[in-house]
Structures are given as structure tokens and as C-alpha cells.
Amino acid sequence: GPGGGQVVSGVFSRELAEALAEDAEALAALHDRELTAGTIAALREIGFPANLGLLPADERARQTWRMMAEALPREADASTLDRLAVDYAAIYLTGAYGASPCESVWLDDDHLACQGPMFALRQLYAAAGLAAADWRKRPDDHLVLQLLYLAHALRRAEEPDALRRLAAMMDEHLLRWLPDFAERVSVRCEQPFFAVLAGLTFLWCEQLRNLLAERLGEPRPTREAVEARLRPSQRTEAVPLAYMP
């Protein structure tokens, strides 16, 4: 492309696309596994979340970024790690908090896992040459895999249409349930770390979607408009009127 291959799609520079992709991977890694002393030390060293490429855009986001920095434990001793592990398990492993990291559970009428959204995302990933390593352990609609898909798509957004597809994926999948997940995690966690991480992840995704809207020059659809687009249209059959003689 122009500028010595520095421009992706005329919308994002390569540097910006890479910074955003790295953010998505960093967030995915924190939802992916229990916190260790090493991870906590590394996060403190890089000044997380101030190291993220997508900086907070408004006061709500700035407050969440500050809360995230404060939620990083000062001492990663055994008892602190144990308490964090309890929260991690209750969100991501046992379902004890009723805050599933999988989209189907939020959007399916019966709140079942591995439903329509999982198969829709599987098709989306396949089109990008991706596949879940083991859908039985971590279904395609898991938060970690959706964040990794964002990273993949950002790095390969060669033209505006690719960014439009990414925006549609966020509208039709991630952002339909992430606000509810973040809210439930925030009220049920015992420790602040995962409570704030959920909110930070949601606000980061909101800002990315707003950035896509701004750079594409296309306003975001409302949540109602997205729901209407996704609902199977009610087919109206013409019923002939019977006249009484």
C-alpha cells in the first residue's frame, strides 16, 4: 500500500493495527488462566493497564484503568494467589458465579452452552483459517477465543471491508453479551482483580468498536437494530378473507 506498506486499509496504520492486536492478546491471556506470582510481577513492571495501546477515551474508562492498576496485588503470596484462584475458578471453570465466559449461555433462550453462537463463530473462524483447539474444553464462543479472533482480524485488515466484517462480528457476537458478563462478574467476585478486568475488557472492546465506526465513517448500529437484524424475520402469510354470504 501507500507509505511503504505502512497503511492498512487506508483506515488503520500497521502500527495501530499491531498495537490493538497486542492489546487483545494481552487481555485474552489474563482471562485464559489463573494468575501466577510471575504474571503479577510482569503486569506491575509494564504498568498494566497503562501499557495498552488503546488508552481510555472518557472518564468512565479512565476510572476503570485506574481501578485496574489498583487491583493488581502488591504481594503475590500464597494466600493472595489462592483467593484469586477461587474467583478464577468460579468464573471460568465451575460456573459458581453464574457468569459464563461463553456467549451461548447468555444468548440462548434456555441459557445452554454450545448453541447457535458457537456454530456461527466457528464458521467465522473457519473463513479466517482458524479453529478452536478443542471445543469441548473451550467452545468457539468463549471470551478468550473471541479476543484472539479480534487480534487475528486486526492484523489482517487489508481493506475497509475486512474492518466492516470485524465490526459486524463485534456487534453480532462479543458486544451483545460482554456488558452483562462484566456486570455479573463485577458484583460476584470476592477480589477486585477479575471484577475490574471484566469491566476493562468490555470498555476496551467498546472503544475499539467506536474507533472502527470513526475510522470507517459509519455510525454504530444500536443494540435494538442489531437484535432486529439477527431475529429471524416473521414471515407474514397472506390469509384470504372469508366473507359471510
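Conventions used here
Residues numbered from 1 in each chain as written. Predicted model: local features only at pLDDT ≥ 70, side-chain atom pairs only at ≥ 80, totals over all residues. Heavy atoms only, no water. Helix = DSSP H or I, 4+ residues; strand = E, 2+ residues; numbered from the N terminus. Polar contact = N/O pair within 3.5 Å; in protein donor to acceptor, adjacent residues only side chain to side chain. Contact = heavy atoms within 4.5 Å. Salt bridge = Lys/Arg side-chain N within 4 Å of Asp/Glu carboxyl O. Buried < 20%, exposed > 50% of the residue type's maximum accessible area, 1.4 Å probe, protein only. Core = buried A, V, L, I, M, F, W, Y, C linked by side-chain atoms within 4.5 Å. Phe/Tyr/Trp six-rings, centres within 6.5 Å; stacked < 30°, edge-to-face > 60°. Axes fitted to C-alpha atoms, helices over the stretch in contact; angles between N-to-C directions. Parallel < 35°, antiparallel > 145°, perpendicular 65-115°, else oblique. Left-handed = near helix turned anticlockwise from the far one by under 90°. Nonpolar A, V, L, I, M, F, W, Y, C, P; charged D, E, K, R; others polar.

Visitor: Quick question: what am I supposed to make of the side chain of Asp-140 here?
Guide: For Asp-140, the position within the fold is in the loop between helix H7 (116–127) and helix H8 (143–155). Among the polar contacts made by the side chain of Asp-140, one reaches the side chain of Arg-122 at a distance of 2.9 Å. With residues up to four places along the chain from it excluded, the contact list for Asp-140 reads Met-118, Leu-121, Arg-122, Tyr-125, Ala-132, Trp-135, Leu-145 and Gln-146.

Visitor: Would you mind showing me how to read the pattern of salt bridges here?
Guide: If the charged atoms of two oppositely charged side chains come close together, the side chains can form a pair. Counting across every chain of the model gives 16 salt bridges. The shortest N-O distance in the salt bridge between Asp-32 and Arg-138 comes to 2.4 Å. Taken together, the residues span a long stretch of sequence, with Asp-32 in helix H2 (residues 14–32) and Arg-138 in the loop between H7 and H8 at a distance of 106 residues. Take Asp-32: its relative accessible area is 21%, and that puts it in the partly exposed class. When its relative accessible area of 21% is taken as the criterion, Arg-138 is described as partly exposed. Arg-62 is paired through a salt bridge with Glu-59; the nearest N and O atoms lie 3.3 Å apart. Here Arg-62 pairs with Glu-59, and both are found in helix H4 (residues 59–71), just three residues apart, close to one helical turn. A residue is classified by how much of its surface remains accessible, and Arg-62, at 35% relative accessible area, is partly exposed. Of the residues examined, Glu-59 reaches a relative accessible area of 42% and is grouped as partly exposed.

Visitor: Is there a simple way to think about unusual backbone geometry in this case?
Guide: Trans peptide bonds make up the majority, and among non-glycine residues the majority have a negative phi. Following Phe-48, the chain continues to Pro-49 via a peptide bond in cis, the omega torsion being 5 degrees. Tracing the chain through its elements places Pro-49 in the loop between helix H3 (37–46) and H4. Unlike most non-glycine residues, His-111 shows phi in positive territory, near 55 degrees. Tracing the backbone through its elements, the reader meets His-111 in the loop between helix H6 (103–107) and H7. Judged by its relative accessible area of 53%, His-111 is exposed. We note that Cys-114 has phi near 60 degrees; this positive angle belongs to a residue other than glycine. Topologically, Cys-114 is positioned in the loop between H6 and H7.

Visitor: Could you clarify how one ought to interpret the nonpolar core in this entry?
Guide: Proteins that are soluble and globular tend to have nonpolar side chains buried together. Of all hydrophobic cores here, the largest spans 68 residues; its most connected members are Leu-150, Phe-181, Phe-193, Phe-194, Trp-204, Cys-205 and Leu-208. Those elements giving two or more residues to this core turn out to be H2, H3, H4, helix H5 (78–93), H7, H8, helix H9 (160–188) and helix H10 (192–216). If sequence neighbours within four positions are ignored, Phe-181 has contacts with Ile-91, Tyr-92, Ala-99, Ser-100, Pro-101, Trp-106, Leu-143 and Ala-198.

Visitor: Which parts of the structure should I look at to understand the packing of aromatic side chains?
Guide: What describes a pair of aromatic rings is the distance from one ring centre to the other and the angle between the planes of the rings. Counted by the stated rule, this structure contains six aromatic pairs. The interplanar angle of 35 degrees and the centroid separation of 5.5 Å between the aromatic rings of Tyr-125 and Tyr-149 together place this pair among those described as tilted. Here the residue Tyr-125 occupies a position in helix H7, and Tyr-149 occupies one in helix H8, the gap between them amounting to 24 residues. Among the residues examined, Tyr-125 registers a relative accessible area of 3% and is labelled buried. Using a relative accessible area of 9% as the deciding quantity, one classes Tyr-149 as buried. Seen in terms of ring centroids, Phe-193 and Phe-194 are 5.1 Å apart; in terms of plane orientation they differ by 90 degrees. Their pairing is edge-to-face. Just as Phe-193 is buried, Phe-194 falls in that class too.

Visitor: For this particular structure, what's the right way to read the packing of H8 against H9?
Guide: For any two helices packed against each other, the geometry comes down to the angle between their axes and how far apart the axes lie. Where H8 meets H9, the closest approach of the two axes is 11 Å, and the angle between their N-to-C directions is 150 degrees. Viewed along their axes, H8 and H9 adopt a mutual orientation that is roughly antiparallel. The crossing of H8 and H9 is left-handed. Contacts between H8 and H9 involve Leu-143, Gln-146, Tyr-149, Leu-150, Ala-153 and Leu-154 on the former and, on the latter, Leu-166, Met-169, Met-170, His-173, Leu-174, Trp-177, Leu-178 and Phe-181. Partitioned by chemical class, the residues of the contact of H8 with H9 number 12 nonpolar, two polar and no charged.

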